[in-house]
Amino acid sequence: MDRVLIFDTTLRDGEQSPGISLDVGEKLEIAEQLARLGVDVIEAGFPIASDGDFEAVGAIAKTVRGPVIAALSRTGFKDVDRAWEAVRHAERNRIHVFIATSEIHMTKKLRMSHDQVKNEAAAGVARAKSYTDDVEFSPEDGFRSDPDFMCAVCQIAVDNGATTLNIPDTVGYGVPEDYGKLIAYVFDQVKGEFIVSTHCHDDLGLAVANSLAGVINGARQVECAMNGLGERAGNAALEEVVMAIHTRSDYYEGLNTGVRTEELARTSRMVSRLTGYPVQFNKAIVGRNAFAHEAGIHQHGVLEDRETYEIIDAGLVGQEAAQIVLGKHSGRHAFADSLSKMGLHLQGDGLNQAFVRFKELADRKVEITEADLEAIVAEELGTGAVHKYTMVNLELEGGTNRTPHARVILTDGSEKCEGEGTGNGMIDAAIAAIAAATGTDGDLTEFHVSSVTRGGDALGDVVLQLDVNGVKASGRGVATDVVEASARAYLSAVNKIVRLSDRPGPRERAVGP
Ligand code: KIV
Ligand code: ZN
């Protein structure tokens, strides 16, 4: 028994997540995808719960081929009959019968004695067996039940025809070692032919760990849900269980599942879209950042050899391969690599200056997009390899009732030059300050402002043309602030004019202290 059966309960326990309500069409779409994913069992719903559930289970049973289609049922005959009505058309069907065995559930919820629960289990399982050979039994709240009583009820279920015994940790109270021991105890106490299954809830964040402890102790079916959906904190996440068994086959001693792992990301996205439950960005396996690297050291490592910081090949789970996310933690390696993937090749000083600009922008903008990179590079390519002047600081003052005033500090590599200016608006004032600092004043014959991407933190991209006594040069500047972008564009044009006119820098004319 090397095969661990994957019993998907996204459409039953998962649909019990607060706020989720799938219609028949949506359930069918997910069930088709679960079949493509290669799960062994789809628990399609709880037919007695509502007409909608009955209809959806019926539609899935009639249409979806491949996995066993299971329906949940309490022990009462009305429940079992309804479950059978819904799944009877499936290629392969299963009735999943449950009754609680913990003291608190029996006294407070069922109001039944131990003997009544035993009788209910016997009758419900026997009724299900009269319809189908494939009957699963669950002692609800099994983990908090008296193990001997629970095993006695399980024995009754097996004696009446159950072929799978599912041991639920209904409230997510278990810890791996104890849950594993409980599974071993079931094997010890219950006699007969059956598969033991795990069903763990995630109230302590241990659902996957508990399920895997069950597997180590002999369980060969895991009940789980895509994206970890389910009551309260959810069920064991299917994608995590599957990839743990796959990735650590050394530890799980050759065990395997029949899941086509390449379908995991797609399935996760579909479930998220149709349920309206977002997937946490850093969610293991299927989160959008699960294969993204931001730290410079990590990026460098991954670019050299993916396995320095990744234990799973992203393609194996249908995710995009090692994504280098450029942000303020990124290093020159990742920056240059991203540029070259976009077909932009900068070297030497050009690369250094673009990298400095990128770092400045990354401090203000959380994520740098390809469009941002293009704009930065366009700015660099436009200015040529070496700048005469670079901007150190730009200060602006103004308001609706004050004349805009700007003060700029530049450096020409060895010395600082400062300038001040006023204008009709902030951009005008900033340009006047640069003109004063550099002594290069002229006419702006063109001026275009655009936004590189959408959103309030988008980069402003300014392209202008400066005409100084007939010498024309264009300049380009990008920054999160459009005034700064304009100032940079103006400065870049000034740098070109200085080079073109090959005249000494007008430092001597700089104003300010
Ligand atoms: O959590 C639980 O106990 C269940 C059962 C119905 C199997 O979902
Ligand atoms: Zn459950």
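Predicted, not measured: the structure shown is a model, and the values here were computed from it.

Asks: Can you tell me about the sheet that holds strand E14 (residues 443-451), naming the residues and giving the values?
Replies: The antiparallel open sheet is built from three strands, whose spatial order is E14-E15-E16. Both edges of this open sheet fall to E14 and strand E16 (471-479), since each of them pairs with a single strand only. Taking the axes of each pair of neighbouring strands and ignoring which way they run, one obtains an average angle of 10 degrees across the sheet.

Asks: For the sheet that holds strand E11 (residues 390-399), give the residues involved together with the corresponding values.
Replies: Pairing is antiparallel across the open sheet formed by three strands, whose spatial order is E11-E12-E13. Both outer strands of the open sheet, E11 and strand E13 (416-422), are each paired with one neighbouring strand and no more. Strand after strand, the sheet turns through a mean of 10 degrees between neighbouring axes, direction not considered. In the sheet, E11 pairs with strand E12 (residues 402-411) via eight bridges, with the strands oriented antiparallel. Counterpart to Met 391 in the pairing with E12 is Leu 410. The strands touched by helix H15 (residues 426-438) are E11, E12 and E13; relative to E13, the strand with the most contacts, the crossing angle is about 140 degrees.

Asks: Now, about the side chain of His 293: what can you tell me, with residues and values included?
Replies: Structurally, the position occupied by His 293 is in strand E9 (residues 292-293). Overall, the relative accessible area of 7% leaves His 293 in the buried class. At 2.8 Å, the side chain of His 293 and the side chain of Glu 310 are in polar contact.

Asks: An account of the coordination of the zinc ion (ligand 2) is needed here, citing residue identities and associated values.
Replies: Around the zinc ion (ligand 2), the protein supplies Asp 13 (OD), His 199 (NE2) and His 201 (NE2) as donor atoms, at distances of 2.0 to 2.1 Å. Spacing between the donor residues of the zinc ion (ligand 2) along their common chain follows D-x185-H-x1-H. Here His 199 lies in strand E7 (residues 195-200) and Asp 13 lies in the loop between strand E1 (5-8) and helix H1 (24-37), a separation of 186 residues in the sequence. Under the relative-accessibility criterion, His 199 is labelled buried at 5%.

Asks: I'd love a proper account of the layout of surface pockets, names of residues and values included.
Replies: Here the largest pocket is characterised by a volume of approximately 730 Å³. Around the largest pocket, the lining comprises 22 residues; the ones closest to its centre are Gln 323, Ile 324, Val 325, Leu 326 and Glu 367. Every element with two or more residues in the lining of the largest pocket is listed here: E9, strand E10 (323-324), helix H12 (332-341) and helix H14 (370-383). Here the lining of the largest pocket takes three residues from H12, the largest share from any one element.

Asks: Which residues make up the environment of Val 68, and what values go with them?
Replies: Positionally, Val 68 belongs in strand E3 (residues 68-73). Along the sequence, Val 68 and Arg 92 sit 24 residues apart, while their C-alpha atoms lie 4.9 Å from each other.

Asks: How would you summarise the domain arrangement of the chain if you had to cite specific residues and measurements?
Replies: Each assigned domain of the chain is listed here: domain 1 (5-275), domain 2 (292-381) and domain 3 (390-511). In this assembly, 12 residues from domain 2 lie in contact with 13 residues from domain 3. Here domain 2 meets domain 3 over a buried area of about 1100 Å², counting both sides, of which 57% is carbon and sulfur. Linking domain 2 to domain 3 there are one salt bridge. The salt bridge involving Glu 360 is made with Arg 488; its shortest N-O contact spans 3.2 Å. Summed over the shared surface of domain 2 and domain 3, the number is two residue pairs in polar contact (both at pLDDT 80 or more). Those elements that provide at least two residues to the side of domain 2 that touches domain 3 are helix H13 (348-364) and H14. At six residues, the largest contribution of residues to the side of domain 2 that touches domain 3 is made by H14. Across the side of domain 2 that touches domain 3, the residue classes tally to five nonpolar, one polar and six charged.

Asks: Before we move on, could you go through the confidence of the model for the chain and cite the residues and values that matter?
Replies: Of the residues in the chain, 95% reach a pLDDT of 70 or more, and the chain-wide mean stands at 90. The low-confidence segment residues 503-513 (pLDDT under 50) makes 27 contacts with residues lying over four places distant or belonging to another chain.

Asks: Got a sec to walk through the site of ligand 1? Specific residues and values, please.
Replies: Taken together, the neighbourhood of ligand 1 is formed by Arg 12, Asp 13, His 96, Phe 98, Ser 138, Glu 140, Asn 166, Pro 168, Thr 170, His 199 and His 201. With respect to ligand 1, the side chain of His 199 contributes an N or O atom lying 3.1 Å from an oxygen atom. Judged by the fraction of its atoms near the pocket grid, ligand 1 is located in the second largest pocket. When contributions to the shell around ligand 1 are tallied by element, the ones reaching two or more residues are strand E4 (93-100), strand E5 (135-140) and strand E6 (164-169).

Asks: Summarise the packing of aromatic side chains; cite the residues concerned and give the values.
Replies: For the coordinates displayed, the defined rule picks out nine aromatic pairs. Through pairs of rings, three or more aromatic residues link up here, namely Phe 143, Tyr 173 and Tyr 179. One Lys or Arg, Arg 127, reaches over the ring of Phe 77 and ends 4.3 Å from the middle of that ring.

What counts, and at which threshold
Residues numbered from 1 in each chain as written. Chains lettered and ligands numbered in written order. Predicted model: local features only at pLDDT ≥ 70, side-chain atom pairs only at ≥ 80, totals over all residues. Heavy atoms only, no water. Pairing = 2+ DSSP bridges. Helix = DSSP H or I, 4+ residues; strand = E, 2+ residues; numbered from the N terminus. Axes fitted to C-alpha atoms, helices over the stretch in contact; angles between N-to-C directions. Contact = heavy atoms within 4.5 Å. Buried < 20%, exposed > 50% of the residue type's maximum accessible area, 1.4 Å probe, protein only. Polar contact = N/O pair within 3.5 Å; in protein donor to acceptor, adjacent residues only side chain to side chain. Donors = N, O, S within 2.8 Å, 3.2 Å for Na, K, Ca; no water. 1 Å grid on protein atoms, 1.4 Å probe; cavity = no way out; pocket = protein on both sides within 12 Å on 5 of 7 lines; lining within 4 Å. Points joined across faces, edges and corners; volume = space filled by probe spheres on them. Domains from an automatic or database assignment. Buried area = accessible area lost by both parts, 1.4 Å probe. Salt bridge = Lys/Arg side-chain N within 4 Å of Asp/Glu carboxyl O. Nonpolar A, V, L, I, M, F, W, Y, C, P; charged D, E, K, R; others polar. pLDDT = per-residue confidence, 0-100. Near = heavy atom within 4 Å. Sits in = over half its atoms within 2 Å of the grid points. Phe/Tyr/Trp six-rings, centres within 6.5 Å; stacked < 30°, edge-to-face > 60°. Lys NZ or Arg CZ within 6 Å of the ring centre and 35° of its normal.

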